[in-house]
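Fold and geometry: a report
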Protein chains: 4
Amino acid sequence: MYSSQIRTDLALEAHESVQTSNKDVHSPIHGVEVQETYHKESNTQITRVFITTKNGAKAIGKPMGRYITIEAPDMAGPDEGYHREIAAELAHQLHYMVPALKKETSILVVGLGNRDVTADALGPYVIDNLCITRHILREYGKAAYNKKQVHSVSSLSPGVMAQNGMETAEIIKGVIEQTKPKLMLVVDALAARNIRRLSSTIQLTDTGILPGSGVGNHRNALTEESLGIPVIAIGVPTVVDAATIVRSVMELPGFPGDTFDTDKPEVQKTFHDLNNMYVTGKDIDETIKRLSYTISEALNMAFEL
Amino acid sequence: MYSSQIRTDLALEAHESVQTSNKDVHSPIHGVEVQETYHKESNTQITRVFITTKNGAKAIGKPMGRYITIEAPDMAGPDEGYHREIAAELAHQLHYMVPALKKETSILVVGLGNRDVTADALGPYVIDNLCITRHILREYGKAAYNKKQVHSVSSLSPGVMAQNGMETAEIIKGVIEQTKPKLMLVVDALAARNIRRLSSTIQLTDTGILPGSGVGNHRNALTEESLGIPVIAIGVPTVVDAATIVRSVMELPGFPGDTFDTDKPEVQKTFHDLNNMYVTGKDIDETIKRLSYTISEALNMAFEL
Amino acid sequence: MYSSQIRTDLALEAHESVQTSNKDVHSPIHGVEVQETYHKESNTQITRVFITTKNGAKAIGKPMGRYITIEAPDMAGPDEGYHREIAAELAHQLHYMVPALKKETSILVVGLGNRDVTADALGPYVIDNLCITRHILREYGKAAYNKKQVHSVSSLSPGVMAQNGMETAEIIKGVIEQTKPKLMLVVDALAARNIRRLSSTIQLTDTGILPGSGVGNHRNALTEESLGIPVIAIGVPTVVDAATIVRSVMELPGFPGDTFDTDKPEVQKTFHDLNNMYVTGKDIDETIKRLSYTISEALNMAFEL
Amino acid sequence: MYSSQIRTDLALEAHESVQTSNKDVHSPIHGVEVQETYHKESNTQITRVFITTKNGAKAIGKPMGRYITIEAPDMAGPDEGYHREIAAELAHQLHYMVPALKKETSILVVGLGNRDVTADALGPYVIDNLCITRHILREYGKAAYNKKQVHSVSSLSPGVMAQNGMETAEIIKGVIEQTKPKLMLVVDALAARNIRRLSSTIQLTDTGILPGSGVGNHRNALTEESLGIPVIAIGVPTVVDAATIVRSVMELPGFPGDTFDTDKPEVQKTFHDLNNMYVTGKDIDETIKRLSYTISEALNMAFEL
């Protein structure tokens, strides 16, 4: 059956979607707080969505927690360097969300995704450019850095289940038990609803990653509840589901939803063909490399003490 | 302005499109001959479209010449080996189109496209697995192969203009003048209209490659006229333009074309955002590697004497 | 100081070296048993070295245990396929060393090394081509394979400490605790002493991997003692230390060791410059890809029930 | 037969070698001028070797012409950026050797070597990061750059003969005839004699590239004589031939050359095994990427008007 649901990993878009479908446009949703600010230097729009009650979570379709979206239209394009201002903005928002980063701690950064699938390689690529310190600190101490405080930073690219036969959560749990970090950051490629958000939006959230609908107990969850340490997820949308594109067209003004019968076999077949298809930019290969560098530099900045 | 044109590189789809928009469905088009056969062993549907007159070319929107389409639904999926039956079918159709391959000759195989862009890398990847003989023949003669007849096979991956500042046609012309092959094959990734044709269709044509509308004189053309030797193009669709997907939906039965005003700003904006976006399969990275291997093996078979 | 020691990861070479330096050439060493057989079909020389006592271990400089070396001179060169006969020989020797493989069990295959360093990438590349079953078995059971017995196979490419800040042993311990395999295979690139053994020798051992001299307690050991399950190491030499090459020359007959003073500053400087240098074949990039495929196919064969 | 010749692509080393084997050390060689200067800011040693007569060429074993060697010990190691000072030094020396670069001209940059072989990939990698202008200038003119003078820069990575069946010189000649650049730069990985020069030396020469001994007519030469435009070669040694390493040891003081009979079968066998082997650094994969970036940035600087 055709489903009217539009997939998005962005709380910002989920919130927009609820707003739009309301008749009282822009009436507040109970249990959901939204703050918007524009930052001139980095040309970024910062939207903080706080889901504070179970009802708010149900309305938005995302778990309770804090979501910060950085919309940076310049990010998808090339730059002299690595979009330093945007990286600085991300570092700043990360410090806001995780004050613990201001004092020495130990951090595991996990890059989710499949390195061999372009649109899914963001996480592993970010890991490639991180400044890793844990092994140096264990071998030589802080003297090696000539500093009083140095975060212990380790990283992991666990790959995907089809490659290694294990749930990502199993690998991460095992590594956390052995190496005992106090904080985990997890970087992942996301799906958006709106094409204009591809490669130009970063979402930060303290809810971790909860595959599926966000309801119920998941053996695959990467959350504070399942892993025992705070889990901050950092994501950038790199694709839009092909079916989502088509559904967006159907929501355009003037589209006569009444007469277009989505139960007809031809329509169902078209949507079926769109499964396992995604929409992405023609320069996705280059963009992913650049994006990953912006994010790894942001993390390197955020980890400086 | 919104254009009702749907982009496809496949003559088969261009022909279908003309047929569908006709009221007399399946009435023959003058100057266009179509033959269809099903080959059981390779589970392939072979469609030969011969455009024999200028009027036929105008009707279809493709240059005069012969187009052979091999629809091989199994090709997109994995296989024990490299889809040997489909490769054999392609070799067979290539011999049909180019009888000159049955006697010793010299062949330049060109892999168009950008190796660093997944959906565009088919051509360069095919080149990577070809059996190249020209340098061996020049150094050691046919004795090296212990055969009476051996094709001289050379290859080139010219890259793309954004990388090297030169038209592909300039590089190829220079190489042909220096090395004087008698026949050129050019392999390229194509855009289709129908998602079901992605990675499961091969088009062979003796028209070469004529960028743009196929009308007028092109400095970038890769054709017998511009290069002085027969040019056979081999292509596989790897993407569908995102706008094409949406336009396909608008052609579904029940879609109220009359009331949906594509001149409205919101609709125009949606189509504008879809520029530079394409739709492709979630396993495109793996699929391109496999496809390229099927085609290079087909060429290696076709070049055996 | 110049050290007369020649580095090799091969028990076979360590044994040869002890033999050669003995005046009674080929006198047996107590606690070391050696069997040699030639297998015609695969054109391989199989040498089994069993170190059965602590004295034997001290004499050879390798831990007690069983070492099987497959010398396959054809392996370094190209082949129609993947050197099927050699892969079958490796599968056969693996079954001999690990009879547990003949009955259904669960196996973790670890690919050590750095995917981005050609000569060190063997382990990760082997993992890429393994048939992984664990996630399928957990989701669908053996019905998915239509067989009565299916090994549960999972895999891991843990990367290297400089990349992730963690000891390889930490990651592996964590993963074993979470996923509880009954057996571990670990694949690694080795250093040989003799250039002719590069890419043409496979060593199998049930001692696991013990970095360094093989004496004492190691937090980094990958052994049954440290991990709690049997650990079988599979290695192929891909490099020779540059200093080892030079030392080999010094052992040639006619080399007047007496007059060549290795304490001289110029000699010391030369050896110092050779640190961090290795010797390898000019076709190492291609060879590693081919080798990894032979080994992954051998494992896939060995895991068939 | 064992050959006493030591292979080096560096004129500097060829000159050193001649000097050393002379009894009158440092006596000038007729037809060879040598200037040495140390540049503090970039911590580089610049050696200019001018071979001005045929006798000089014969003495050194290199063609007549100018050779500039930049020894930059810092270059092999990592840096915050891309070794900007060294890049600036290379740009400066390039302007000294090619004054034509100071006025608007058209330049073809060729990256020799095999992208898939780590130690040989320097040339193709340099091409990847060049600022290419030719296609922009042809399409939009200098207005696109808002400048009065802009070099027309194009590039080519022709691959290697084993891959495409054509001599590199054939491809380059064809491209030059079609696109008519006024100057060609060619970037290549070199072999050095001294390990300490690996990845820390850049050689610039106006002799182009003359494969083999530098004597006689070569169809494969990339020189002004063969191509009709000035050819500047830029090379960095990335490997030392394994046999060269061993021969270096034999030249150490105290090495008893008299008694060490290189005609003995064991010695000959050892040298034979060293064929097709090279010595390189353990971090060669990473180093090549960094080096290529330093050189491409140097070229981008040198091409600014």
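On a predicted model such as this, the values are computed, not experimentally measured, just so you know. (Residues numbered from 1 in each chain as written. Chains lettered and ligands numbered in written order. Predicted model: local features only at pLDDT ≥ 70, side-chain atom pairs only at ≥ 80, totals over all residues. Heavy atoms only, no water.)

Our focus in this paragraph is the overall build of chain A. Looking only at helices and strands, one finds 11 helices and 9 strands in chain A. Reported as C-alpha extents along the three principal axes, the dimensions of chain A are approximately 70 × 45 × 40 Å. Burial statistics for chain A: of 305 residues in total, 56% are counted as buried. Partitioning the intrachain contacts of chain A with sequence separation of at least 6 by distance along the chain shows that 73% fall at a separation of at least 24. When the accessible surface of chain A is split by element, carbon and sulfur atoms take 49% of a total near 13,500 Å². Counting 30 positive and 37 negative side-chain charges, chain A places the averaged centre of each group 6 Å from the other. (Helix = DSSP H or I, 4+ residues; strand = E, 2+ residues; numbered from the N terminus. Buried < 20%, exposed > 50% of the residue type's maximum accessible area, 1.4 Å probe, protein only. Contact = heavy atoms within 4.5 Å. Areas by Shrake-Rupley, 256 points an atom, 1.4 Å probe, with all protein chains shown as cover. Lys, Arg positive; Asp, Glu negative; His and termini not counted. Charge placed at Lys NZ, Arg CZ, Asp CG, Glu CD.)

Our next topic: the interface of chain B and chain A. Contact residues are listed per partner, giving 35 residues for chain B and 35 residues for chain A. Across the interface of chain B and chain A, roughly 3,300 Å² is buried in total on both sides, 66% from carbon and sulfur atoms. On the chain B side of the interface with chain A, the three residues burying the most area are Met277(B), Tyr278(B) and Lys282(B), jointly 19% of the side's total. Here chain B is connected to chain A by 4 salt bridges. One can count 11 residue pairs in polar contact (both at pLDDT 80 or more) joining chain B with chain A. For the side of chain B that touches chain A, the secondary structure elements donating two or more residues are α9 (242-250), α10 (265-274), β9 (277-281) and α11 (284-302) of chain B. When residues of the side of chain B that touches chain A are assigned to their parent elements, the largest contribution, 6 residues, is made by α10(B). (Buried area = accessible area lost by both parts, 1.4 Å probe. Salt bridge = Lys/Arg side-chain N within 4 Å of Asp/Glu carboxyl O. Polar contact = N/O pair within 3.5 Å; in protein donor to acceptor, adjacent residues only side chain to side chain.)

In this section: the pairing of strand β2 (residues 44-51) of chain C. Residue and element names in this part refer to chain C. Burial within β2 is extensive, with 7 of its 8 residues counted as buried. Direction of pairing for strand β1 (residues 32-39) relative to β2: antiparallel, over a ladder of 8 bridges. Across the sheet, the residue bridging to Thr37 is Ile46, located in β2. In textbook terms, the turn of a hairpin is the stretch between consecutive antiparallel strands, and for β1 and β2 this stretch comprises 4 residues, one of which, Asn43, has a positive phi near 45°. Relative to strand β3 (residues 65-71), β2 runs antiparallel, the two sharing 7 bridges. Across the sheet, Val49 pairs through a bridge with Tyr67, a residue of β3. (Pairing = 2+ DSSP bridges.)

Before going further, it helps to spend a moment on the relation of the copies chain A and chain C. By a simple turn and slide, chain A fits onto chain C: the slide is 0.0 Å along the axis, the RMSD is 0.1 Å, and the turn is 180°. As the rotation angle and translation indicate, the two copies are arranged about a two-fold axis. No C-alpha of chain A approaches the rotation axis more nearly than that of Gly174(A), which lies at 1.8 Å. By residue overlap, the copies meet face to face through one surface: 100% of the interface positions of chain A are interface positions in chain C. (Least-squares fit on C-alpha atoms with pLDDT ≥ 70 in both.)

Another aspect to go through is α10(B). Given 3.6 residues per helical turn, the α-helix brings residues three or four places apart onto the same face. Within the sequence span of α10(B), burial applies to Val267(B), Phe271(B), Asp273(B) and Leu274(B). Viewed end-on, α10(B) has its buried residues packed into an arc of 160°, placing them on one side of the element. Residues Pro265(B) and His272(B) are exposed on α10(B) and point more than 90 degrees away from its buried face. Residues of α10(B) that are buried make contact with α9 (242-250) of chain A together with α9 and β9 of chain B. Just past α10(B), the residue Asn276(B) takes up positive phi, approximately 65°. (Arc of directions from axis to C-beta.)

Before going further, it helps to spend a moment on the interface of chain A and chain C. How large an interface is tends to be reported as the accessible area lost when its parts come together. At the interface, 26 residues of chain A touch 26 residues of chain C. Summing both sides of the interface, chain A and chain C together bury roughly 2,200 Å²; the carbon and sulfur share of this comes to 50%. The largest contributions to the chain A side of the interface with chain C come from Met166(A), Glu170(A) and Gln178(A), which together make up 25% of the buried area. For the pair chain A and chain C, the number of links is 4 salt bridges. A salt bridge links Glu170(C) to Arg138(A), with the shortest nitrogen-to-oxygen separation between them at 3.5 Å. Viewed at the interface, chain C and chain A are joined by 12 residue pairs in polar contact (both at pLDDT 80 or more). Counting residues per element, the ones that place at least two in the side of chain A that touches chain C are α5 (134-140), β5 (152-156), α6 (161-164) and α7 (168-179) of chain A. By residue number, the principal contributor to the side of chain A that touches chain C is α7(A), which donates 8 residues. Partitioning the side of chain A that touches chain C into residue classes produces 8 nonpolar, 9 polar and 9 charged. (Nonpolar A, V, L, I, M, F, W, Y, C, P; charged D, E, K, R; others polar.)

The terminal C-alpha atoms of helix α3 (residues 84-97) of chain B lie 20 Å apart, and with 14 residues this matches the ideal 20 Å at 1.5 Å per residue to within 8%. When we look at burial in α3(B), the residues that qualify are Ile86(B), Ala87(B), Glu89(B), Leu90(B), Ala91(B), Gln93(B), Leu94(B), His95(B) and Met97(B). (Expected span 1.5 Å × (residues − 1).)

Take Met301(B): it is sitting in helix α11. Once the C-alpha coordinates of Met301(B) and Leu210(B) are considered, the two residues, 91 residues apart in sequence, prove to be 27 Å apart.

Moving on: the relation of the copies chain B and chain A. For the pair chain B and chain A, the best superposition has an RMSD of 0.1 Å and corresponds to a rotation of 180° with a translation of 0.0 Å parallel to the axis. With an isologous cut-off of 70% or more, the 100% of interface residues of chain B that recur at the interface of chain A puts this contact in the isologous class.

So, about the pattern of salt bridges. Counting across every chain of the model gives 44 salt bridges over all chains. Among the salt bridges present, the one from Asp273(B) reaches Arg196(A), with a minimum N-O distance of 2.5 Å. With Asp273(B) in helix α10 and Arg196(A) in the loop between β6 (183-192) and β7 (201-205), this residue pair bridges two chains. Note on Asp273(B): relative accessible area 15%, which makes it buried. Here Arg115(C) and Asp128(C) are joined by a salt bridge, their closest N and O atoms 3.0 Å apart. Taken as a pair, Arg115(C) in the loop between β4 (106-111) and α4 (122-128) and Asp128(C) in helix α4 lie far apart in primary sequence, 13 residues in all. On the basis of relative accessibility, which here comes to 27%, the residue Arg115(C) falls in the partly exposed class. Judged by relative accessible area, Asp128(C) falls into the partly exposed class, the value being 40%.

Time to look at the arrangement of the chains. A minimum C-alpha distance of 11 Å separates chain B and chain C, which share no contact. Spatially, chain A and chain D are disjoint, and the shortest separation between their C-alpha atoms is 10 Å.

Bringing a negative patch on the surface into the picture now. Taken together, the side chains of Glu41(A), Asp74(A), Asp79(A), Glu80(A) and Glu85(A) make up a negatively charged region of the molecular surface. Along the chain, Glu80(A) falls in the loop between β3 (65-71) and α3 (84-97). (Patch = residues over 30% accessible without salt bridge, like charges linked within 9 Å, V, L, I, M, F, W, Y side chains within 5 Å.)

Its identity is not glycine, yet Lys180(A) carries a phi of approximately 50°, on the positive side. Of note, Lys180(A) is situated in the loop between α7 and β6.

Tracing the backbone through its elements, the reader meets Glu251(B) in the loop between α9 and α10. Taking the C-alpha atoms as reference points, Glu251(B) and Asp206(B), 45 residues apart in sequence, are found 32 Å from one another.

A word on the packing of aromatic side chains. Overall, the coordinates contain 0 aromatic pairs over all chains when judged by the stated rule. Here the guanidinium or amino end of Arg48(B) rests over the ring plane of Tyr96(B), the centre of that ring lying 3.6 Å away. (Phe/Tyr/Trp six-rings, centres within 6.5 Å; stacked < 30°, edge-to-face > 60°. Lys NZ or Arg CZ within 6 Å of the ring centre and 35° of its normal.)

The subject of this paragraph is the confidence of the model for chain A. Residues and elements named next belong to chain A. Of the residues in chain A, 90% have a pLDDT of 70 or more, and the chain-wide mean is 89. Predicted confidence for residues 212-217 stays below pLDDT 50, and this span has 2 contacts to residues more than four positions away or in other chains. Interface predicted TM-score (ipTM) for the complex: 0.91; the corresponding pTM is 0.92. (pLDDT = per-residue confidence, 0-100.)

This next bit is on the side chain of Arg290(D). All names here are of chain D. Residue placement: Arg290 occurs in helix α11 (residues 284-302). This buried residue, Arg290, is left without a salt bridge; Glu286 holds the nearest opposite charge, at 4.3 Å. Of note is the side chain of Arg290, whose polar atom sits 3.4 Å from the backbone oxygen of Gly77. Ignoring sequence-local partners within four residues, the contact set of Arg290 consists of Ala76, Gly77 and Pro78.

Structurally, Met161(C) is set in helix α6 (residues 161-164). Residues Met161(C) and Asn114(C), spaced 47 residues apart in sequence, show a C-alpha to C-alpha distance of 9.5 Å. Setting aside residues up to four positions removed in sequence, Met161(C) forms contacts with His135(A), Met166(C) and Glu167(C).

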